[in-house]
Structure formats: C-alpha cells, structure tokens
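Chain by chain, the residues:
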Amino acid sequence: MDRIRIHGGVSLKGIIPIGGAKNAALTLMPACLLTDETLSLSNLPHLVDITTMANLLAQHGVRMALNGHDPRGGHTGRVLELTAAEILNTTAPYDLVRRMRASVLVLGPLLARCGRARVSLPGGCAIGTRPVNLHLKALEQMGAVIDLQEGYIAAEVSGRLKGAHIIFPQVTVGGTENTLMAATLAEGETVIANAAREPEVTDLANCLVAMGAHIEGIGTGTLRIQGMERLHGAQYSVVPDRIETGSYAVAAAITRGDVELVGARFDLMESVTKVLRECGVTVEETPRGMRVAVLGDITGIDIMTEPYPGFPTDMQAQLMALLSTANGASMITETIFENRYMHVPEMTRMGANINVHGASAIVRGVPHLSGAPVMATDLRASVSLVLAGLAAEGETLINRVYHLDRGYERVEEKLAACGARIERLKGESPE
C-alpha cells in the first residue's frame, strides 16, 4: 500500500494545471446508456473512480476507447468514447457498486432505455449514509415499480417512464442527476423542483442537451424536461474540477505561497474565493485561470457548509487545515454529512487545536504544525492531511493514500513542480 512522505515548510510558487471534474465525469459517463450512438468525453481525469465506472459500464455492454485504447488499461489519454449500441446486462453488481457510490447513477438511464434495472444498494460510506430513497421515490412518481430484493434495487416500468412533477424535500445531487437522465427518455414533461444546482448537475444537463434533450432552467432550482423518444451521440468536454481547484488554492495559502491555477473556472469558485479572501488570501482571476497568494496574515473565520452555491462540504477538511494555521479562532459547521470530521484526530496528531461539538468544530490557530505519521480516512480527508503536511515542520507520512488516488491526479507531481518536497513511497506500509 502506497504512502506519501512530505517534508514541509516550503512556500509553493509556480503553476498547477487543473483537470476535469471527477464528480462531473462520473455523472456524464452513465449518460452514454441513454443512446445507441457514441458519447465522446474530453478533459476526462485519469482517476481510480473513473476506472471503476468504466468497469461498471463495460459489464453493461458499453464499448469504450480512450485515445484508441481500453480505458481500464491505465492510459493517460483525455478523450473517452463510450458506445452503448446494445445493452447486454441491466444488473449493476454489488462488487462494483460498493467501491463507489456514483455507480447508482446507472439506475435512471438503464430504466429509461431498457425498462428495467437491477442495481446494488450502495450502502453507507466513511462520511455518512447518503441514502438513495429520494432517487427511488422520484422514479416511482414516473411510473417505475421498485422493489428492494436481497440488497438490490429492482426497478421495472411497463413501456416508457411518464413525465411527473417531482419536488425533492431536500437538495440531492445524485437524486437530481438520476431523475434528470431518466426524464430525457420519458413520455411527456417532467419538472424537478428543488433540484441541485451544483456545477456538475449543470454540466450533465448541458451534455444531455448536446445529445438532443430538451431541458429548461439549467443552473436553477427548477428543471423542466421534455422527454424524447431517443437521444443521439455527442462530443462534450468535462467541466474543470472546482474541488481540485479549491484544494490547490488552499495549498498555496497554507504554505504562504503564490500559485497560478491554470484551467480553473473562476466563476464556479465564488463561495470558496469569498471565504479565502475573508481569511486574508489574495485571489484573482487570470487569463488562464486564477492566482492565489498570501501577502499578509491568515485570520480565523466562521463558515458553514451548504449546497451549491454555498460553501462546499468537499472543501471543509481542506479549509480546516488552513484555519489550523490562522491567527485566532474559527468555527466550522458541517450541515451536509453527519460524519465528516474523521480527519480531526489525525490533524491533532500534527499539533492542530481542534474541538468538535456535534456538527461544529472550533479551530484555534497554532504557530506551526508538526510533521507526524497519519492515516487518511476518506478522499477529502486525505488531501487535507497533504495540505497540513505541506505547512508542517518536519516529516509527515500519510498512510492509505488510495483514498487520494480516487480524486486527485498526479498530486505529488503537481505539488513538486511548485517546490514541495513530496514523494510517493511504493509498497506495503507498516499499518
């Protein structure tokens, strides 16, 4: 099992390229199931989760080519062609779905195109339960008959799904995405109220429009979809990753450095840039992306995670690392997931002063963090420990970095190019 070793204390200076968004790509890939023509996705990140989704789609019968190669072979191409000319299997097995919750996003497309789907329940995960009941209720409103059998969602519909007026009682990104894809092939009009507004949802909607779907209200809380009998293929570029952008922005800030994030979409970063500026970080748009620099002190602030356009839960751990080095106290309140402070014990091992009280964490800045052996517990926790290690005095050794590889491509190379003393240690760790 690989580990990452960091000798901290170096201010990052230079350029970091931003790749395509993992969460957007994982939503766009299942959209290929909605057509028998080819969906070609460019700016695709090369990540473990992308490989997992490719494996899942392949067993459904999707043919794939990544720059002319099988995407599961580990090549680093950026254009993936997916062709679901014939769907051979409508079951998404537990062994694949358990590895990644986004696998449940094949449910809507399979049901809409084939009239049936059998998808393993994804279960819980390290940061919370994240149930799929809202996905299922929306599909039932569209005429699906759903039964939970032996850990699987068994869904069927006689003929086509029917348009419906769906009001989500709470914002659900995955529920919005599953329902949106299903609605594109439904009979009649579907209205999704209280729809998630995340850029990844907008990216999916824009891709579906490129495939021939009729969707109004893109980017708002109400989506109106006119169902079509069929969709066609398309060429589409994955939106830049706003969470990768935010993570590297914090890397620049926590090391008191000066970094340009090339390829970043500044317009998607409003909530993060607002918080960083309130902390004392200089953030400005550039012709190629955005620049992040620290010219003075970092000061503590209070934040709350919220659905987009609020501050993203996927940036909470990274900001906590930064606030651990700030002047004064901060309070972070997590409103999205109930178990997302598992990085706190590891940060305290590095000298951070953090106290958790229910959904809130009080962070009191310390003069410096200290390197220590730590263990990653989930994707965003793992990158927060990398960030803390960049700022810490001495050596930090991060175990279980397979979490990191799910969402960050070539993280050591990108940071090392800006001066970080960071390396990956191959092989077994002494856990």
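Residues numbered from 1 in each chain as written. Predicted model: local features only at pLDDT ≥ 70, side-chain atom pairs only at ≥ 80, totals over all residues. Heavy atoms only, no water.

## Section: the sheet that holds strand 4 (residues 63-66)
Stated precisely, the cut-off is as follows: Being paired, for any two strands, means DSSP has found at least two bridges between them. Helical segments are the DSSP runs of H or I of at least four residues, strand segments are the runs of E of at least two, and each set is numbered from the N terminus. Axis definition: a line fit to C-alpha positions, over the contact stretch in the case of helices; interaxial angles, taken between N-to-C directions, run 0 to 180 degrees. Contact criterion: two residues are considered in contact whenever any of their non-hydrogen atoms come within 4.5 Å of each other.
In space, the four strands of this open sheet follow the order 4-5-3-14, with mixed pairing throughout. At either margin of the open sheet sits one strand with a lone partner, and together these are strand 4 and strand 14 (234-237). Going from strand to strand, the sheet's axes swing by 15° on average, the running direction of each strand aside. Pairing analysis gives four bridges linking strand 3 (residues 38-42) to strand 5 (residues 80-83), with the strands arranged antiparallel. Residue pairing for strand 5: Leu-41 is matched across the bridge by Leu-80. Sheet contacts for helix 7 (residues 199-210): strand 3 and strand 14; angle to strand 14, the most-contacted strand, approximately 155°.

## What about the confidence of the model for the protein chain?
This is how it is decided: pLDDT runs from 0 to 100 and stands for how confident the predictor is about each residue.
Taken over all residues, the pLDDT of the protein chain has a mean of 93, while the share at 70 or more is 95%. Low pLDDT, under 50, characterises residues 72-77; the stretch is placed with 13 contacts to residues that sit more than four places away or in other chains. A low-confidence stretch, residues 124-129 stays under pLDDT 50, and its non-local contacts, those more than four residues away or across chains, total 17 contacts.

## A word on the packing of helix 5 (residues 133-141) against helix 6 (residues 173-184)
We apply this condition: Oblique is the label for every angle not falling under 35 degrees (roughly parallel), over 145 degrees (roughly antiparallel), or within 65 to 115 degrees (roughly perpendicular). Two helices cross in a left-handed way if the nearer one is turned anticlockwise from the farther one by less than a right angle. They cross in a right-handed way if the turn is clockwise. Put simply, Ala, Val, Leu, Ile, Met, Phe, Trp, Tyr, Cys and Pro go in the nonpolar bin, Asp, Glu, Lys and Arg in the charged bin, and everything else, Gly too, in the polar bin.
Packing of helix 5 against helix 6 brings their axes to within 8 Å, and their N-to-C directions diverge by 25°. What the angle tells us is that helix 5 and helix 6 run roughly parallel. Taken as a pair, helix 5 and helix 6 cross one another with a handedness that is right-handed. In contact with His-135, Ala-138 and Leu-139 of helix 5, helix 6 contributes Gly-174, Gly-175, Asn-178, Thr-179 and Ala-182. Each residue belonging to the contact of helix 5 with helix 6 can be placed in one class, and the counts come to three nonpolar, five polar and no charged.

## So, the packing of aromatic side chains
Two aromatic rings are characterised by how far apart their centres lie and by the angle between their planes. Under the convention used in this document: Any pair of Phe, Tyr and Trp rings, taking the six-membered ring for Trp, is counted once the centres come within 6.5 Å. Such a pair is stacked with planes under 30 degrees apart, edge-to-face with planes over 60 apart, and tilted for the rest. Counted as over-ring charges are cases with an Arg CZ or a Lys NZ within 6 Å of the ring centre that also lie within 35 degrees of the ring normal.
Applying the stated criterion across every chain, the model contains zero aromatic pairs. Over the ring of Tyr-152 we find Arg-118; its NZ or CZ atom is 3.9 Å from the centre of that ring.

## What to know about the nonpolar core
Definition in use: Working definition of a nonpolar core: buried Ala, Val, Leu, Ile, Met, Phe, Trp, Tyr and Cys residues. They are joined through side-chain atoms within 4.5 Å. Using a 1.4 Å probe on the protein chains alone, a residue whose accessible area is under 20% of its type maximum counts as buried, one over 50% counts as exposed, and one in between counts as partly exposed.
With 79 residues, the main nonpolar core has Leu-57 and Leu-208 as its most contacted residues. Here this core takes six residues from helix 2 (residues 48-59), the largest share from any one element. Apart from residues no more than four positions distant in its own chain, Leu-208 is found in contact with Ala-31, Leu-34, Leu-180, Met-181, Thr-184, Ala-213, Ile-215 and Leu-231. With 69 residues, the next largest nonpolar core counts Ile-6, Leu-261, Ala-372 and Val-374 among its residues.

## Concerning the pattern of salt bridges
Applicable threshold: Salt bridges, as used here, are contacts in which a Lys or Arg side-chain nitrogen is within 4 Å of a carboxyl oxygen on Asp or Glu.
Following the criterion strictly, the structure yields 21 salt bridges and no others. Across the pair Lys-22 and Asp-49 runs a salt bridge whose closest N-O atoms are separated by 3.2 Å. In this pair, Lys-22 is assigned in helix 1 (residues 22-28) and Asp-49 in helix 2, connecting sequence segments 27 residues apart. As far as burial versus exposure is concerned, Lys-22 and Asp-49 are alike and both buried.

## A few points about the environment of Glu-270
With respect to the secondary-structure elements, Glu-270 resides in helix 9 (residues 270-279). Classification of Glu-270 as exposed rests on a relative accessible area of 60%. Considered as a pair, Glu-270 and Ala-31 are 239 residues apart in the sequence and their alpha carbons are 28 Å apart.

## Structural notes on helix 4 (residues 107-114)
The buried fraction of helix 4 is high, at six of eight residues. All of the buried residues in helix 4 are Leu-107, Gly-108, Pro-109, Leu-110, Leu-111 and Ala-112. Residue Gly-115 follows helix 4 closely and has a positive phi angle near 85°.

## Some remarks on helix 6
Side chains of residues three or four places apart in an α-helix project in the same direction, reflecting 3.6 residues per turn. Basically, it comes down to this: Multiply 1.5 Å by the residue count of a helix minus one, and that product is the helix's expected span. Distance and chemistry together define a polar contact, namely a pair of N or O atoms within 3.5 Å, with one atom able to donate a hydrogen and the other to accept it when in protein, and with adjacent residues in sequence counting only for side-chain atoms on both sides.
Under the 1.5 Å per step criterion, the end-to-end length of helix 6 is 17 Å for twelve residues, consistent within 8% with the ideal 16 Å. Among the residues making up helix 6, those that are buried are Gly-175, Thr-176, Glu-177, Asn-178, Thr-179, Leu-180, Met-181, Ala-182, Ala-183 and Thr-184. Its side-chain oxygen at 2.9 Å from the backbone nitrogen of Gly-175, Thr-172 defines the N-terminal cap of helix 6.

## Examining unusual backbone geometry
Cis geometry marks the peptide bond from Tyr-308 to Pro-309, where omega comes out at 15°. In the Ramachandran plot, Arg-256 falls in the positive-phi region, its phi being about 55° despite a non-glycine side chain. Here Arg-256 lies in the loop between helix 8 (242-254) and strand 15 (258-262). Notably, Arg-410 is not glycine yet its phi reads approximately 55°, a positive angle. Mapped onto the fold, Arg-410 is located in the loop between helix 13 (402-405) and helix 14 (411-416).

## Focus on the sheet that holds strand 16 (residues 282-286)
If you trace the four strands from one edge of the open sheet to the other, you get 2-15-17-16, paired in mixed fashion. The sheet terminates laterally at strand 2 (13-17) and strand 16, the two strands that pair on one side only. Averaged over neighbouring strand pairs, the angle between their axes works out to 20° when direction is ignored. Where strand 16 meets strand 17 (residues 289-293), five bridges bridge the pair, whose relative direction is antiparallel. In the strand pairing of strand 17, Thr-282 is matched with Ala-293. Its contacts with the sheet place helix 8 against strand 2, strand 15 and strand 17, and it is angled at close to 165° to strand 15.

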